[in-house]
Structures are given as C-alpha cells and as structure tokens.
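# Analysis of the macromolecular model
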2 protein chains.
Amino acid sequence: MIVLDLKDARPLYEQIVERFKQLILRGVLSEDEKLPSVRTLAMELAINPNTIQKAYGELERQEFIYTVKGRGNFVSPVGRLREARKEELREQMRSVVREGEAIGMTVREFVELLEQMEPEGRKEHRT
Amino acid sequence: MIVLDLKDARPLYEQIVERFKQLILRGVLSEDEKLPSVRTLAMELAINPNTIQKAYGELERQEFIYTVKGRGNFVSPVGRLREARKEELREQMRSVVREGEAIGMTVREFVELLEQMEPEGRKEHRT
DNA sequence: TAAGTGTATTATCACTCCTAGTACACTTAG
DNA sequence: CTAAGTGTACTAGGAGTGATAATACACTTA
C-alpha cells in the first residue's frame, strides 16, 4: 500500500502524506476506513513511529483523515477534498500553459496534445 | 532582475537558479550576455558569494550558462534548452491530466479550460 | 601592476529530518 | 477489571543541508 523511496530527496513523512492523499482521492481507501496504526505502519515500513505520527498529523491538519484517540485514524469524507484537488489541477494546467506561451508554445498546441490523449476522440465530439 | 523571497521554503541558491533559467528561456537575457559577477550579485542581494557561486555552478552544470575563468559567466545558446523545456511542459500537462482522470475529470473538461484561455478563440477554430 | 573575475578551502551556525526511548491517557476485547 | 492496542507528548541526539564568514589562488584585462 505504502512504498518508500529512500533515494527520493523528499522527507519520508512527506512521501507518506503524498501517498495517502493519492489513495484517498482515488477512492482506494474508502470513507471512514481505518488506517494502519502508527506503530503498525512504522513496523511495516521499518521506520520510526514518530515519522508516521508526523505524517498522520499532517494528513489530519489537511483534513484527509480524522483521529479518534484510543481508536485510530480514519479516512475523511472525500467530496470536498476531491473538488479542491480538481481546482488545483486546473490551476496547474493554466500555469503550464502560461509558461509555455512565454517560450513560444501555443494554446492550440496544447489542445492538440490533449486530444491525442483522449480515448474516445474519434467520433464527432462537438455538441 | 533577481528577487529573493526569504519567506519561500526553497533555498536561496535554488530560487536564483530558477529565476535565471526563466530569464534565459524567455530571452530576457540574450545569448552570450554576461551575468553579474559572483561578488557583484552577492552584494546586490545582500547574501554570501558562496551562495551565488553555488547557483552559477548549477546553472553551468545544466548548461544554461558557460564560464570563462577570469572573465565571467555568460548565457548559453538557448535553442536546445528551450526545446527541452517545452517537452518538460508537455509531460507536466500529461501528468496533470492523468491525475485528473484518476479522480473523475475528463480530457474534454481540460480542453475546454484551455480554450477559454485562448486569446483568439472566438472564430471557427476547427480545421 | 592593479582590479575584477572564477574557484577552492575551512570553519561555524541554524535548521530539518529522523531516530531512540519513555511516558500518559483513552478505547476495546477478554 | 485488566491487558493490549491506540494516539499523543516530550526530551535527546545524529546526520545532512543551507547559509555565512574569511581567506587564498589563478586567470584576464585595462
């Protein structure tokens, strides 16, 4: 479920946060599903419990999970989180295009790139 | 020309590298133009010369500038660099779209987002 | 020759990441 | 109730990085 890359420059706790956010947004982990306990996951990944605690703390702060003392950490409702992430992706896309334009690329060029990705793009796809 | 953000989490030398790469790719700095000397820029930014040296070293390693000992640092030919950056942007775009699709967005949605950015998008723009 | 240039070295400080160990309060299964 | 499992908090220390400070050397050019 969680895989660490020790060669990665990013801190371990950050990799863990990133991975769980992915799993939650994509629905691999369901709403109210219980996450591995701090100590359990620390054992599995062979790292210090404090590092897991830091990751979970960050996930809770960002509202991806919620905590019940004595019971564990659980996945938050995903709706709002997913919408927020979508808006982030839209902004990233705009940012990429703006930089591209600054060095000579065109919006057209990007649109065509996207249309090549489209799986069902061969029929008439104008309204 | 170069502006530092001390509140930025990224290292100073990295901010400097980033900024010069931008200026070079966008043609604000011309081919063979001389960069500020290590000591001069350090004075202007009120930071340590070693930090500038580290930034310039990185820029040289990435072939954005070339060095002539005793003379200074100069902007490299920009053609290849610009093409490489374009390919990076294309890949970033694909990456954004792939993640978007994983959480329920569609290529169509992204295309429409792009077309809203297009400055000349109101005429018939289908071939 | 003197000034300006890149380059290298050593030392030091501050901060972050991670580990290690310990302790406490809460919840739940037995 | 008790024990095990849970989150949480704290202190301490090691390792690495970013930045500073000071100095020195070789090269180029006016």
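This one's a predicted model, so the numbers in the text were calculated from it and none came from an experiment. (Residues numbered from 1 in each chain as written. Chains lettered and ligands numbered in written order. Predicted model: local features only at pLDDT ≥ 70, side-chain atom pairs only at ≥ 80, totals over all residues. Heavy atoms only, no water.)

### Here we look at the protein's contact with DNA strand D
- Contacts to DNA strand D come from 23 residues, most closely from Arg39 and Asn73 of chain A together with Leu12, Asn50 and Thr51 of chain B.
- The sugar and phosphate moieties of DNA strand D supply 64% of its atoms located within 4 Å of the protein.
- Asn48 of chain B places a polar main-chain atom, nitrogen or oxygen, 2.9 Å from a phosphate oxygen of DNA strand D.
- Here a phosphate oxygen of DNA strand D sits 3.2 Å away from a polar atom, N or O, in the side chain of Lys54 of chain B.
- Of all the secondary structure elements, the ones that give two or more residues to the surface near DNA strand D are α2 (38-45), α3 (49-61) and β2 (72-75) of chain A together with α1 (12-25) and α3 (49-61) of chain B.
- Looking at the surface near DNA strand D residue by residue, the class counts come to five nonpolar, twelve polar and six charged. (Near = heavy atom within 4 Å. Polar contact = N/O pair within 3.5 Å; in protein donor to acceptor, adjacent residues only side chain to side chain. Helix = DSSP H or I, 4+ residues; strand = E, 2+ residues; numbered from the N terminus. Nonpolar A, V, L, I, M, F, W, Y, C, P; charged D, E, K, R; others polar.)

### With respect to the packing of helix α1 (residues 12-25) of chain A against α3 of chain A
Residue and element names in this part refer to chain A.
- Two elements in contact, α1 and α3, have axes separated by 8 Å at closest approach and are oriented at 45°. In this view, α1 runs oblique relative to α3, as classed from their interaxial angle. Every pair of crossing elements has a handedness; the one defined by α1 and α3 is right-handed. Contacts from Leu12, Tyr13, Ile16, Val17, Phe20 and Lys21 of α1 reach α3 at Thr51, Ile52, Lys54, Ala55, Tyr56, Glu58 and Leu59.
- Split into classes, the residues belonging to the contact of α1 with α3 amount to nine nonpolar, one polar and three charged. (Axes fitted to C-alpha atoms, helices over the stretch in contact; angles between N-to-C directions. Parallel < 35°, antiparallel > 145°, perpendicular 65-115°, else oblique. Left-handed = near helix turned anticlockwise from the far one by under 90°. Contact = heavy atoms within 4.5 Å.)

### Some points on the environment of Arg71 of chain A
Residue and element names in this part refer to chain A.
- Checked against the element boundaries, Arg71 lands in the loop between β1 (65-68) and β2.
- Of the residues examined, Arg71 reaches a relative accessible area of 59% and is grouped as exposed.
- Sequence separation between Arg71 and Glu14 is 57 residues, and the spatial gap between their C-alpha atoms is 24 Å. (Buried < 20%, exposed > 50% of the residue type's maximum accessible area, 1.4 Å probe, protein only.)

### Concerning the confidence of the model for chain A
- For chain A, the average pLDDT comes to 92, and 92% of its residues sit at 70 or higher.
- Here helix α5 (residues 107-117) of chain A stands out as the element of chain A with the lowest mean pLDDT, 94, in contrast to β2 of chain A, whose mean of 98 is the highest. (pLDDT = per-residue confidence, 0-100.)

### Quick look at the protein's contact with DNA strand C
- Lining the immediate environment of DNA strand C, one finds 23 residues, of which Leu12, Asn50 and Thr51 of chain A together with Val38 and Arg39 of chain B sit closest.
- Looking at DNA strand C alone, sugar and phosphate atoms form 62% of those within 4 Å of the protein.
- Between DNA strand C and Arg71 of chain A there is a distance of 3.2 Å, counted from a phosphate oxygen to a side-chain nitrogen or oxygen.
- The separation between a base oxygen of DNA strand C and a polar side-chain atom of Arg39 of chain B is 2.8 Å.
- Of all the secondary structure elements, the ones that give two or more residues to the surface near DNA strand C are α1 and α3 of chain A together with α2 (38-45), α3 and β2 (72-75) of chain B.
- Considering only residue class, the surface near DNA strand C consists of five nonpolar, twelve polar and six charged.

### Focus on the relation of the copies chain B and chain A
- At an RMSD of 0.1 Å, chain B and chain A line up after a rotation of 180° and a shift of 0.0 Å along the axis. These values place the two chain copies in the arrangement generated by a two-fold rotation axis.
- A high fraction, 100%, of the interface residues of chain B reappear at the interface in chain A, so the copies pair face to face through one surface. (Least-squares fit on C-alpha atoms with pLDDT ≥ 70 in both.)

### Regarding the domain arrangement of chain A
All names here are of chain A.
- Examined at the domain level, chain A breaks down into domain 1 (12-76) and domain 2 (79-126).
- Its C-alpha centre places domain 1 at a distance of 31 Å from the equivalent point of domain 2.
- Counting residues at the interface gives seven residues for domain 1, matched by four residues for domain 2.
- For the pair domain 1 and domain 2, the summed buried area comes to about 410 Å², and 60% of that belongs to carbon and sulfur atoms.
- Summed over the three residues of domain 1 that lose the most area to domain 2, namely Leu25, Glu63 and Phe64, the buried surface amounts to 82% of that side.
- Two residues, Glu63 and Arg80, come together in a salt bridge whose shortest N-O distance is 3.1 Å.
- Viewed at the interface, domain 2 and domain 1 are joined by two residue pairs in polar contact (both at pLDDT 80 or more).
- When the residues that make up the side of domain 1 that touches domain 2 are grouped by side-chain class, the tally is three nonpolar, two polar and two charged. (Domains from an automatic or database assignment. Buried area = accessible area lost by both parts, 1.4 Å probe. Salt bridge = Lys/Arg side-chain N within 4 Å of Asp/Glu carboxyl O.)

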